[in-house]
Amino acid sequence: MAQSVAPIRGINDILPDETRAWQWLEQAVREVLQAQGYGEIRLPLMERTELFARSIGEVTDIVEKEMYTFLDRNGDSLSLRPEATASCVRAGITHGLFHNQQQRLWYSGPMFRYERPQKGRYRQFHQMGAEAFGFAGPDIDAELILVCARIWRRLGLDDLRLELNSLGTVESRQFYRSLLVEYFRDHEADLDEDSQRRLAQNPMRILDSKNPHMQALIGAAPAITDHLDAESSDHFAQLRETLDEVGEGYLINPRLVRGLDYYSRTVFEWVTDRLGAQGAVCSGGRYDGLVEQLGGRATPAIGWAMGVERLVELLRGDKLVPEAPAPHVYLVPLGERAARRTPALAEALRNDAPSLRLELHCGGGGMRARMKKADRSGAAFAMIVGDDELTSETAVLKPLREDREQQSVPFAQLVAFLKQACTDLD
């Protein structure tokens, strides 16, 4: 026997007993976003490496350590996407979506980062995200946050916490950065190795450290909300006022930062305490300078991305995913002639009753084995068609979930019978 091929570490299969939760989540997100005017954009899995180096930042962990990057046959450097915002911006610039237009977009799909796999963090992970372009005011910030809240309600997730912060403009953030560097240099001996490296490259990321021994030091650091420019401060105040008016609770977290260089002003996260260190299930914020940074016209923009694996874990843990609907009918052919004829009967029924869930028995076996499969399918009826039924053009309908007598139904009346029965069942 040949040796089997092992899967790639951190890149997981999603099996049929799991996909129902994925489909339930994806359906809820899609329907909520489309109902509020967001159109789907489908983005490529790979881009030129330059796109992510210019948008995310060349000295970030993602670009330096985590991207899957390779040279193609032409010698061009390509990367599997580690996130989708940069791709969304690139697509908008390429196709002229931002020229005197406002856009509400959403996307879904896998992302790739080479890092140590752990619970809630994988090398291939999936995100659903929403982006809005051309809206400068805090009203769109509030809308995107409230879209998330609506999705959580739709899914039945009632214990997610909203955390808010503002990073200000590039200029005010640069001033704050200098304050942070000065503060942490005075305490450099207390920094762990990772924070010492970040001090030289991206000191705001120190605030995001999960090292418990660093929390007191981080808690005493200057807060960015105390050093915002006037316009960013007013923008943040209006956002909070809108959320207060709607009644959406939040926590201001002055330590909430972003690992990506392009964020400015509003940043936010939806977090849970039930997933350990990987507690953020949705993260977002403004990136008003990114479109121009990547070669387009200056365009205000904001978006969020949610981690599908983490949300699926919450949904399954809380048993919030409804069971997949069972077939209405399990069609059991008996005899060789019936085995040849029942596929055509099944297709005719499906054509005439598109909402009918009909499963056709395949694979042979005796009558007892076939009826066991019918019962295990969860179907409401077993439809039995043998040679005698073909001759008389009838089918035997045997109820599997109710203590009722079976009955013979003419082929010509099957559609009407099953439509009524399915309506009663659903």
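Residues numbered from 1 in each chain as written. Predicted model: local features only at pLDDT ≥ 70, side-chain atom pairs only at ≥ 80, totals over all residues. Heavy atoms only, no water.

Novice: Please explain the pattern of salt bridges as it appears in this structure.
Specialist: Pairing is possible between side chains of opposite charge, provided their charged atoms come close. All told, the structure shown has 19 salt bridges when counted by the stated rule. Here Arg 265 makes a salt bridge to Glu 231, at a shortest N to O gap of 3.4 Å. Within this pair, whereas Arg 265 is found in strand β9 (residues 264-271), its partner Glu 231 is found in helix α9 (residues 230-246), the two being separated by 34 residues in sequence. Classification of Arg 265 by relative accessible area gives buried; the value is 11%. If you follow the salt bridges from partner to partner, you end up with Asp 141, Arg 286 and Asp 288 in one network. (Salt bridge = Lys/Arg side-chain N within 4 Å of Asp/Glu carboxyl O. Helix = DSSP H or I, 4+ residues; strand = E, 2+ residues; numbered from the N terminus. Buried < 20%, exposed > 50% of the residue type's maximum accessible area, 1.4 Å probe, protein only.)

Novice: Could you clarify how one ought to interpret the pairing of strand β11 (residues 301-307) in this entry?
Specialist: Every other side chain in a regular strand lies on the same face of the sheet, so the side chains alternate between the two faces. For β11, a buried count of 7 out of 7 residues is recorded, marking the element as mostly surrounded by other parts of the structure. Burial of β11 is two-sided: the residues Ala 301, Gly 303, Ala 305 and Gly 307 facing one way and the residues Ile 302, Trp 304 and Met 306 facing the other way are all buried. Relative to β11, strand β6 (residues 124-133) runs antiparallel, the two being bridged by 7 bridges. The residue bridging Gly 129 from the neighbouring strand is Ala 305, located in β11. Strand direction decides the pairing type here: strand β10 (residues 280-286) and β11, joined by 5 bridges, are antiparallel. (Pairing = 2+ DSSP bridges.)

Novice: Would you take a moment to explain the packing of helix α5 (residues 138-155) against α9 for this structure?
Specialist: Relative orientation and spacing of two packed helices are given, respectively, by the angle between their axes and the distance between those axes. At their nearest, the axes of α5 and α9 sit 9 Å apart, and the two run at 45° to each other. When the axis of α5 is compared with that of α9, the two are oblique. Both α5 and α9 take part in a crossing whose hand is right-handed. Together, Pro 138, Asp 141, Ala 142, Ile 145 and Leu 146 of α5 and His 235, Gln 238, Leu 239, Thr 242, Leu 243 and Val 246 of α9 make up the contact between the two elements. The class makeup of the residues in the contact of α5 with α9 is 7 nonpolar, 3 polar and 1 charged. (Axes fitted to C-alpha atoms, helices over the stretch in contact; angles between N-to-C directions. Parallel < 35°, antiparallel > 145°, perpendicular 65-115°, else oblique. Left-handed = near helix turned anticlockwise from the far one by under 90°. Contact = heavy atoms within 4.5 Å. Nonpolar A, V, L, I, M, F, W, Y, C, P; charged D, E, K, R; others polar.)

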